[in-house]
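Structural description and commentary
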Amino acid sequence: MADSLSGGGRSARLLAAAGDDLAAAARVRLLTELTAGSVDPEVYARYLRVEEEFVHTAARVLGAAVWDAPRWESTVGHARSLFSLVTEQREYFAHARAQWPAAADLSPAARRAAGGLSEHVLRAAADHGYPAIVTSMLAAEQLYLTWCTAATGRDVRREPAVQEWIELHARAPFTDQVAFLRAEVDALPGEVSDARLLDWFTAMLAEECRFHDAVFR
Ligand SMILES: Cc1ncc(C[n+]2csc(CCO)c2C)c(N)n1
């Protein structure tokens, strides 16, 4: 943990190498509009729908991380993250959908494009196991930490549901979850090369961009 905070480990090298991809993924239209408080209600309704499906995928992937966990501490960390998905995050969707003024009307093309993110991470988990799981999930979580932390620093009026979603990803327990994932990446065995980590990380970010663009289709 100290290493991940001081920035000297593998995850720090990975984040530095992927810095441009991370910045680009945080600048896509949906995240820019959520940050600016200007998102169309129908677009956010579609996002809520596909996002809730992705969070279910993330819960399944964390189940796989528990299965593959190399240490007790790894099991505990993933179980904590999984707990927050099935409690705090699941409740967010139930509440946000109930109060949101627009209906989610998803075209087949939008569904297909958004579904690619889940397909990608489930495939990576099945094919490459624990190292790909923690690296892919770090890409996904670091993206949300980055854009949501930047967004909370801006004095903008947003719909309460949007504001709440942003705040959820700029404070604990989410911030602890990201620090835990960084420590797991730091502890990966040396035979998994930095180049592979960068491939998994940037491939996940590319799918994140397609996912966030899907709600405009
Ligand atoms: C599209 C999309 N990408 C990343 C996140 C960030 N995130 C928050 S909780 C969680 C699962 C636990 O690792 C992840 C990946 C998200 N919510 N939706």
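Residues numbered from 1 in each chain as written. Predicted model: local features only at pLDDT ≥ 70, side-chain atom pairs only at ≥ 80, totals over all residues. Heavy atoms only, no water.

Heads up, the rule is: UniProt positions are given in the numbering used here, feature names are shortened, and annotations may be inferred rather than shown by experiment.
The name given to the chain in an unreviewed UniProt entry is Aminopyrimidine aminohydrolase, and the organism recorded there is Lipingzhangella halophila. Recorded in UniProt for the chain, the comment headed Pathway (unreviewed entry) runs: "Cofactor biosynthesis; thiamine diphosphate biosynthesis."

1. Let's talk about the UniProt feature "active site" (unreviewed entry) in the chain
Definition in use: Per-residue accessibility, obtained with a 1.4 Å probe over protein chains only, is compared with the maximum for each type, and a residue is labelled buried under 20%, exposed over 50%, and partly exposed between these values. Residue contacts follow a heavy-atom distance rule, with two residues in contact if any of their heavy atoms lie within 4.5 Å.
Following the UniProt record, the feature "active site" (unreviewed entry) maps to E208 here. A residue is classified by how much of its surface remains accessible, and E208, at 2% relative accessible area, is buried. The residues contacting E208, other than those within four sequence positions of it, are L117, A140, L143 and Y144.

2. Comments concerning the side chain of R10
Our working rule: Going along the chain from the N terminus, every DSSP run of H or I of four or more residues is numbered as a helix, and every run of E of two or more is numbered as a strand.
Following the sequence through the fold, R10 ends up in helix α2 (residues 10-17). Beyond its immediate sequence surroundings of up to four residues, R10 is in contact with V185, D186, L188, P189, G190, V192, S193, D194 and L197.

3. Describing the site of the ligand
The criterion, for reference: Note on definitions. A residue lies near a molecule or strand when any single heavy atom of the residue is within 4 Å of it. Whenever two N or O atoms come within 3.5 Å, that pair is a polar contact, provided that in protein one can donate a hydrogen and the other can accept it, and provided that, for residues adjacent in sequence, both atoms are side-chain atoms. Where accessible areas are quoted, they stem from the Shrake-Rupley method and a 1.4 Å probe; at the residue level, only the protein chains shown are allowed to cover. Throughout, the protein atoms alone are placed on a 1 Å grid, and a set of points is a cavity if a 1.4 Å probe fits but cannot get out or a pocket if it is open with protein on both sides within 12 Å along at least five of seven lines; lining residues have an atom within 4 Å of a point. A cavity or pocket is said to hold a molecule if more than half of that molecule's atoms lie within 2 Å of its grid points. Basically, the charged four are Asp, Glu, Lys and Arg, the nonpolar ten are Ala, Val, Leu, Ile, Met, Phe, Trp, Tyr, Cys and Pro, and anything else, Gly included, counts as polar.
Close contacts around the ligand come from 18 residues, with E51, E141, Y144, F174 and E208 the closest. With respect to the ligand, the side chain of E51 contributes an N or O atom lying 2.7 Å from a nitrogen atom. In isolation the ligand has 430 Å² of accessible area, and contact with the protein removes 100% of it. Here the ligand occupies the largest cavity. Element by element, the count of residues in the shell around the ligand is highest for helix α7 (residues 108-152), at five residues. For the shell around the ligand, the residue count by class is 11 nonpolar, four polar and three charged.

4. Focus: the packing of helix α6 (residues 72-99) against helix α8 (residues 160-168)
So the rule is basically this: Whenever a helix is involved, its axis is fitted only over the stretch in contact; in every case the axis is a line through C-alpha atoms, and angles between N-to-C directions fall within 0 to 180 degrees. Roughly parallel means an angle under 35 degrees; roughly antiparallel, over 145; roughly perpendicular, 65 to 115; everything else is oblique. Handedness of each helix crossing follows the sense of rotation of the near helix against the far helix: counterclockwise by less than a right angle gives left-handed, clockwise gives right-handed.
Close contact between α6 and α8 brings their axes to 10 Å; oriented N to C, the two are set at 170 degrees. The angle between the axes of α6 and α8 places the two elements in the roughly antiparallel class. In the packing of α6 onto α8, the handedness of the crossing is left-handed. Two secondary-structure elements touch here, α6 through E88, Q89, Y92, F93, H95, A96 and Q99 and α8 through A161, V162, E164, W165 and L168.

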